[in-house]
Amino acid sequence: MSAVEEVRPARNPWLTWVTWRRLFALVIASELARPGIVSLDWAGVIVRAAVPLAILAGCQTLTMLTGGIDLSVGAVASMSGFVLATLVSGPGVGAGIIIALIAAALAGLLSGIGVGVFRVHPLIMTLGMGLIVLGLANWWQLVMVQAGGGTPEVIRFIGSARFEGIIPVNLVVFIPLAVLILLGLRRTGYGRMLYAIGDNPVAARLAGARAWQVLIVLYVISAVLAAIAGFLISGLTNVASVSLADSYVLPSVAAAVIGGTSIFGGRGGFGGTIVGALILTVLATLLNSLGYPEAVRQVLFGAIIVVVAAAYTRVTAES
Amino acid sequence: MSAATDAVTRPGPRVADAMLSFARRNTWTLALLGFLALLLVFTKLINPGYGIPGVQGLAISVLPLALAAVAQAIVVITGGIDLSIGSMMALTSVISASLMLGQSPEFAMFVVLGTLLLGIVLGTVNGTLVVVTRVPDIVVTLAMSFVWAGCALLVLRTPGGAAAPWLRELVLGSVLIPWIPKAAVVLLVVVAVIWIPLRRSRFGLSIYAVGSNRLAAFRSGVSVGRTKVLAYAVAGLFAALAGLSLTASTGIGTPVPGPYTLQSVAAVVLGGVSLAGGRGGVFGPLVAVVILQLIRTDMTFLNVNTNLATVAQGAILVGVVMAGSIIEMRRRRA
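Calculation criteria
- Residue numbers here run from 1 along each chain, matching the order of that chain's written sequence.
- For this description, chains carry letters from A and ligands carry numbers from 1, given in the order in which they are written.
- For a predicted model such as this one, the threshold for reporting local features is a pLDDT of at least 70, and the threshold for listing and counting side-chain atom pairs is 80 or more; totals across whole chains, interfaces and linings nevertheless cover every residue.
- To obtain the side-chain values, all non-hydrogen atoms of the structure were included, while hydrogens and water were left out.
- Helix and strand labels come from DSSP, where a helix needs a run of H or I of at least four residues and a strand needs a run of E of at least two; each type is numbered from the N terminus.
- Both definitions apply: the radius of gyration is a C-alpha atom measure, and the globule rule equals 2.2 Å times residues to the power 0.38.
- Any pair of residues with heavy atoms lying within 4.5 Å of one another is described as a contacting pair.
- Per-residue and other accessible areas follow the Shrake-Rupley method at a 1.4 Å probe size, with only the shown protein chains counted as cover for residues.
- For the purpose of charge, His is not counted, nor are the chain termini; Lys and Arg are scored as positive and Asp and Glu as negative.
- Note on charges: their place is set at NZ of Lys, CZ of Arg, CG of Asp or CD of Glu.
- Whether a residue is buried, partly exposed or exposed follows from its accessible area with a 1.4 Å probe, protein chains only, as a fraction of its type maximum: under 20%, in between, or over 50%, in that order.
- Two rings from Phe, Tyr or Trp (for Trp, the six-membered ring) form a pair when their centres are within 6.5 Å of each other. A pair whose planes differ by under 30 degrees is stacked, one over 60 is edge-to-face, and the rest are tilted.
- As used here, the term nonpolar core means buried Ala, Val, Leu, Ile, Met, Phe, Trp, Tyr and Cys residues forming a set that is joined through side-chain atoms within 4.5 Å.
- As a rule, the C-alpha atoms of each element are fitted with a line to give its axis, helices using only the stretch in contact, and angles between N-to-C directions run from 0 to 180 degrees.
- For classification purposes, angles smaller than 35 degrees are called roughly parallel, those larger than 145 roughly antiparallel, those between 65 and 115 roughly perpendicular, and all remaining angles oblique.
- Two helices cross in a left-handed way if the nearer one is turned anticlockwise from the farther one by less than a right angle. They cross in a right-handed way if the turn is clockwise.
- Under the scheme applied, nonpolar residues are Ala, Val, Leu, Ile, Met, Phe, Trp, Tyr, Cys and Pro; charged residues are Asp, Glu, Lys and Arg; polar residues are all the others, including Gly.
- Any carboxyl oxygen of Asp or Glu that lies within 4 Å of a side-chain nitrogen of Lys or Arg is treated as forming a salt bridge with it.
- Throughout this description, a polar contact denotes any pair of N or O atoms lying within 3.5 Å of each other; where both atoms belong to protein, one of them has to be capable of donating a hydrogen while the other can accept it, and for residues adjacent in sequence the pair is counted only when both atoms sit in side chains.
- Per-residue confidence from the prediction method is given by pLDDT, with values spanning 0 to 100.
- Defined in terms of a 1.4 Å probe, buried area is the accessible area two parts forfeit on being brought together, summed over both.
- Two joining distances apply to patches: 9 Å for like charges and 5 Å for nonpolar side chains (Val, Leu, Ile, Met, Phe, Trp, Tyr), and every residue must have over 30% relative accessible area and no salt bridge.
- Here the expected length of a helix is defined as 1.5 Å per residue gap, with one fewer gap than residues.

Trainee: What am I meant to see in the overall build of chain A here?
Mentor: Within chain A, the secondary structure is distributed over 14 helices and two strands. Over its C-alpha trace chain A gives a radius of gyration of 19 Å, about what one expects of a compact globule, namely 20 Å for 319 residues. Here the C-alpha coordinates of chain A stretch approximately 55 × 55 × 35 Å along the principal axes. Partitioning the intrachain contacts of chain A with sequence separation of at least 6 by distance along the chain shows that 78% fall at a separation of at least 24. Carbon and sulfur atoms make up 69% of the accessible area of chain A, which totals about 12,900 Å². Distance between charge centres in chain A, computed from 17 positive and 11 negative side chains, equals 7 Å.

In structure tokens:
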């Protein structure tokens, strides 16, 4: 057990400090570039935008710990937001949320069976599952074309409102989730199992871990998290469409990597990922506020991700 | 490999042995070709009107994805993955289209050569970053996909530009007999001319060596870094060819990347290339691309909802890979 804990960079205060320092540097850069931009209001907007990204990056963190990846989060998140919106006028919000969560969990179950039992490469399995979910959501759109609905009021409130005009309401959803993931990874046997499988699958099997069970549960958890993020995104943007969350997929992987989770498994944690999501959101906001055209923003965004990831790899290699 | 040496040492009908060994080494590609033939027969059965225009349309529509799949296959064989192929296609497509607008055919020739060179440069940048930063391939190429897509938007804000008439005619129509579409011939010639000499060179052996076991390759004197950079550069060249084929088939350049990146990954896996690296070739993915497109066409003929066609594509991808891994597990147990 102690060996498992030793290899976690997330526990390494020096690395977490490096990630935090990067966030502070970006905040200072924002203030220097646009004097007066950094304020409580600004912080509230940043956090509100970072929460859905952090949840989706949580999906990537958990799956990456086992050496996998979940590329279906975009399709699953969009689908849940969309299914909820179509069910509001009929069965109601509560039933809609439950149905959307069940649909997401089913997709996750299938991905988990593919990865865990049939040993399909996670990249391919979740890519295929993403296509399946997207196609079914499109088909559902045709079936439900008469039931307009739209994002329900409650979801809009949770996704976009702010207490006192500052603290985003979506933290009410996020904080319990984050605590659950952080404690789950550090304190439960299941969390240790994720690290063990990613670090050394053969040793984990010899030690009695049933990888397939762990993986099935993992991909169900990931899909449910994605669905929750989908609700928040559709609440934030007041849009429900089948491709709503697609643009989040690549940043979610980037946030996990910047936060120090290894894509090869066994290393990392959710704490760093949250900071990673904040870094990406501050960066996107900064590039936005500088008034560059979309094209320049994309170029800078990509270039900075490479630089940050490279710097991180250097730090891990040194320590 | 061992079958090939057997053929030399053992007396007997060498040709038959060579063919047998060829078949053994390319089982998956041959099986895919067989399936494609069946699928063509099926297409003709459900739509007796399917003929020359259908085949030509098929060849033109698969061209960009087929070239993208070749690019992806080369990187995946080396043990990497290139998620920036779609963006590189968009960038090379808009650059070639905007430079060719209102220019002479001779100038367009230089534009084409310049675009191919640009593809090699883009790929080299990707590969160098992967090797120098030691960040996982998937992360670097993911980030670079933003960079190249942003550059494409800088070149052209909205779809525009033009393709030289000779470039358009290069993929339209047919060769010799109406049943052989020009686009298919162009595809095969381009891939054969670039890939086969590479495959037979030192570099070709190196990419398989690096893909199957990095450390072993390094210890037997293969320069791992240089091989990876070269593989990405060749992938960049094929991405530029794919971008040019987009320009040629649509007549304009579109700055927003199409769904080619992830589709190329899917095609590569269906084409028998292992994501772990070191196994497979480029012809399997080519056949897989044609099969996927033909299934799409058939579903339109059968009046299946296009959304369900997306579902089918995902299900086929997952199903084939699952079946492959079940066969692999059985073999290992036996």
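Still more ground to cover, so stick around.
Trainee: Help me understand the environment of Leu123 of chain A in this model?
Mentor: Relative to the helices and strands, Leu123 of chain A resides in helix α6 (residues 122-143). A residue is classified by how much of its surface remains accessible, and Leu123 of chain A, at 5% relative accessible area, is buried. Taking the C-alpha atoms as reference points, Leu123 of chain A and Leu136 of chain A, 13 residues apart in sequence, are found 20 Å from one another. When sequence neighbours within four positions are dropped, the list of residues in contact with Leu123 of chain A reads Ile69 and Leu71 of chain A together with Ile81, Ile138, Val265 and Leu275 of chain B.

Trainee: Help me out: how do you make sense of the packing of aromatic side chains in this one?
Mentor: Aromatic ring pairs are described here by two measures, namely the spacing of the ring centres and the angle between the planes. Within this structure, the stated rule accounts for four aromatic pairs over all chains. Aromatic side chains Phe301 of chain A and Phe146 of chain B sit 5.3 Å apart centroid to centroid with 75 degrees between the ring planes, which places their arrangement in the edge-to-face category. With Phe301 of chain A in helix α14 (residues 294-318) and Phe146 of chain B in helix α7 (residues 137-155), this residue pair bridges two chains. What makes Phe301 of chain A buried here is its relative accessible area of 11%. Taking the centre distance of 5.9 Å and the plane angle of 75 degrees together, the rings of Tyr50 of chain B and Phe301 of chain B count as edge-to-face. Here the residue Tyr50 of chain B occupies a position in the loop between α3 (27-46) and α4 (52-77), and Phe301 of chain B occupies one in helix α14 (residues 283-301), the gap between them amounting to 251 residues.

Trainee: What am I meant to see in the nonpolar core here?
Mentor: Looking at soluble globular proteins, one finds that nonpolar side chains tend to be buried together. One finds Ile55 and Phe174 of chain A together with Ile74, Val191 and Phe238 of chain B to be the most contacted residues of the largest nonpolar core, which totals 194 residues. If we skip the residues at most four places from it in the chain, Phe174 of chain A touches Val51, Ala54, Ile55, Phe270 and Ile274 of chain A.

Trainee: In this structure, what is going on with the packing of helix α5 (residues 85-100) of chain B against α7 of chain B? I would like to understand it.
Mentor: Packed helix pairs are specified by the crossing angle of their axes together with the interaxial distance, meaning the distance between the axes. Residue and element names in this part refer to chain B. Packing of α5 against α7 brings their axes to within 8 Å, and their N-to-C directions diverge by 20 degrees. Classified by the angle their axes make, α5 and α7 are roughly parallel. The chirality of how α5 crosses α7 is left-handed. Packed against α5, whose contacting residues are Ser87, Met88, Ala90, Leu91, Val94, Ile95 and Ser98, the element α7 presents Ser145, Trp148, Ala149, Cys151, Ala152 and Val155 at the interface. Split into classes, the residues belonging to the contact of α5 with α7 amount to ten nonpolar, three polar and no charged.

Trainee: Sorry if this is basic, but what is going on with the side chain of Arg48 of chain A here?
Mentor: Residues and elements named next belong to chain A. Following the sequence through the fold, Arg48 ends up in helix α3 (residues 40-65). Asp41 is the oppositely charged side chain nearest to the buried, salt-bridge-free Arg48, at an N-O distance of 7.7 Å. In this structure the side chain of Arg48 is engaged in a polar contact, spanning 2.5 Å, whose partner is the backbone oxygen of Ser160. Excluding residues that lie within four positions of it along the chain, Arg48 makes contacts with Gly159, Ser160, Arg162, Pro168, Asn170 and Leu236.

Trainee: Explain the confidence of the model for chain A to me, please; I cannot follow it from the model alone.
Mentor: In regions of low pLDDT, the predicted coordinates are not meant to be interpreted in detail. All names here are of chain A. Residues at a pLDDT of 70 or more form 92% of chain A, whose mean pLDDT is 85. Within chain A, the lowest mean pLDDT, 42, falls on helix α1 (residues 2-6), and the highest, 94, falls on helix α11 (residues 211-237). Throughout residues 1-10 the model reports pLDDT below 50, and contacts reaching past four residues in sequence, or to other chains, amount to 20 contacts.

Trainee: What is the right way to read the environment of Pro285 of chain B from this model?
Mentor: All names here are of chain B. With respect to the helices and strands, the residue Pro285 is situated in helix α14. As a C-alpha pair, Pro285 and Val269 span 16 residues in sequence and 7.4 Å in three-dimensional space. If near-sequence neighbours (up to four positions away) are discounted, Pro285 is found in contact with Ala69, Ala73, Ala267, Val268, Gly271 and Val273.

Trainee: Hey, could you run me through the interface of chain B and chain A in this one?
Mentor: By convention, interface size is frequently given as the accessible area that disappears when the constituent parts associate. Between chain B and chain A, the contact holds 41 residues from the first and 42 residues from the second. For the chain B and chain A pair, buried surface summed over both sides reaches about 3,400 Å², with 84% attributable to carbon and sulfur atoms. Counting the contacts that link chain B with chain A gives zero salt bridges. Counting across the chain B and chain A interface gives one residue pair in polar contact (both at pLDDT 80 or more). Where the side of chain B that touches chain A is concerned, the elements lending two or more residues are α6 (105-133), α7, α13 (260-270) and α15 (306-333) of chain B. Split by residue class, the side of chain B that touches chain A holds 31 nonpolar, nine polar and one charged.

Trainee: Would you mind going over a nonpolar patch on the surface with me for this structure?
Mentor: Residue and element names in this part refer to chain A. Among the surface-exposed residues, Trp17, Trp20, Phe24, Ile28 and Leu32 lie close enough to one another that they form a single nonpolar patch of about 560 Å² accessible area. For Trp17, the location among the structural elements is in helix α2 (residues 13-33). The class for Trp17 is partly exposed, based on a relative accessible area of 42%.

Trainee: Mind showing me how you'd approach a positive patch on the surface here?
Mentor: Taken together, the side chains of Arg119 and Arg205 of chain A together with Arg330 and Arg333 of chain B define a basic patch exposed on the protein surface. Structurally, Arg119 of chain A can be placed in the loop between α5 (93-116) and α6. Among the residues examined, Arg119 of chain A registers a relative accessible area of 55% and is labelled exposed.

Trainee: Got a minute to help me understand α6 of chain B in this structure?
Mentor: Working note: α-helix, 3.6 residues per turn, so residues spaced by three or four point in the same direction. Residues and elements named next belong to chain B. When the terminal C-alpha atoms of α6 are compared, their 42 Å separation across 29 residues agrees well with the 42 Å that a helix rising 1.5 Å per residue should span. The complete set of buried residues in α6 reads Ala108, Val111, Val112, Thr115, Leu116, Gly119, Leu122, Gly123, Asn126, Gly127, Val130 and Thr133. Of the residues trailing α6, Arg134 is marked for its positive phi of about 60 degrees.

Trainee: What exactly am I supposed to notice about the packing of α6 of chain B against helix α12 (residues 224-250) of chain B here?
Mentor: Residues and elements named next belong to chain B. The N-to-C vectors of α6 and α12 enclose an angle of 145 degrees; their axes lie 6 Å apart at closest approach. Read as a crossing pair, α6 and α12 show a hand that is right-handed. Across the interface between the two elements, Val112, Thr115, Leu116, Gly119, Ile120, Gly123, Thr124, Asn126, Gly127, Thr128, Val130 and Val131 from α6 touch Gly225, Lys228, Val229, Tyr232, Ala233, Gly236, Leu237, Ala240, Leu241 and Leu244 from α12. Partitioning the contact of α6 with α12 into residue classes produces twelve nonpolar, nine polar and one charged.

Trainee: Could you clarify how one ought to interpret the pattern of salt bridges in this entry?
Mentor: Opposite charge on two side chains allows them to pair when their charged atoms are near. All names here are of chain A. Applying the stated rule across the entire model yields four salt bridges over all chains. Residue Asp41 pairs with Arg162 through a salt bridge whose shortest N-O separation is 3.0 Å. One end of the pair, Asp41, is in helix α3; the other, Arg162, is in strand β1 (residues 162-163), and 121 residues separate them in sequence. Given a relative accessible area of 22%, Arg162 falls into the partly exposed group. Of the charged contacts, one joins Glu294 and Arg297 as a salt bridge, the two residues approaching to 3.5 Å between their closest N and O atoms. With Glu294 and Arg297 both in helix α14, this residue pair falls three residues apart, about one helical turn. According to the relative accessible area criterion, Arg297 is partly exposed, its value standing at 21%.

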